[in-house]
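# Fold and contact review
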Amino acid sequence: WRRDQNPSLETQAWKTLHIDGHSFLVKGLFTSNSYDILITDFGVIWEETMKEQDISQRSKLYNPLVEAPIFIILQQLSSRLLDSPFKSCSYKVVSDLDSLTIDVEGPLQDTSGPLYQWSFKLTKAPPLMLKHHLVTPLLSTSVELLRRHGELVNIIKKKDLR
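### Some details on the pattern of salt bridges
The final tally for this structure, using the stated rule, is 4 salt bridges. Of the charged contacts in the structure, one is a salt bridge between R147 and E151, with a shortest N-O distance of 2.2 Å. Of the two residues, R147 and E151 are both situated in helix α3 (residues 127–161); the distance of 4 residues between them amounts to about one turn of the helix. E151 sits in the partly exposed class, given a relative accessible area of 41%. Shared partners join several salt bridges into a network, and the residues in it are E144, R147, R148 and E151.

### Structural notes on the packing of aromatic side chains
Under the defined criterion, the tally for this structure stands at 4 aromatic pairs. Taken together, a centroid distance of 5.7 Å and an interplanar angle of 65° make the contact between Y35 and F120 edge-to-face. Residue Y35 is located in strand β3 (residues 34–40), and its partner F120 is located in strand β7 (residues 112–124); the two are separated by 85 residues in the primary sequence. Take Y35 and F120: they sit in the same class, and that class is buried. Judged by centre distance (6.4 Å) and plane angle (65°), the rings of W118 and F120 are edge-to-face. An identical accessibility class is assigned to W118 and F120; each is buried.

Definitions and cut-offs
Residues numbered from 1 in each chain as written. Predicted model: local features only at pLDDT ≥ 70, side-chain atom pairs only at ≥ 80, totals over all residues. Heavy atoms only, no water. Salt bridge = Lys/Arg side-chain N within 4 Å of Asp/Glu carboxyl O. Helix = DSSP H or I, 4+ residues; strand = E, 2+ residues; numbered from the N terminus. Buried < 20%, exposed > 50% of the residue type's maximum accessible area, 1.4 Å probe, protein only. Phe/Tyr/Trp six-rings, centres within 6.5 Å; stacked < 30°, edge-to-face > 60°.

In structure tokens, the structure reads:
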């Protein structure tokens, strides 16, 4: 659960995402040519992995008149999903039993630039992924915090006895 030299999805922090009256936890790993994301509502976990060719195809499908380098597109997608939702963008969430789609539409560059549309199309992940990416790290962190709390209590007791 510690951050290391080689970032992976497992080492990324969960962030809150509030869209369309829905609350989620989201984490993602965006590189210069791909992304891997997980989103959960604590009951279900959804995932999407996209590589450069797939990103390029989806970008052309939704934005046939916009050409931008993949790394710029990925920077914008990362910001729109992992940072606070942009006020200049509109978001829409659609879900069913096996999928979650988050549609994003807004300017390519923060508040200026051509209108850019994207759909994150996530599929339901196996329940073990929820355990692996959320439950186990949370329990491990709780145990560590309890251990540290105990150490601090012991240090304070020793100090008071002096």
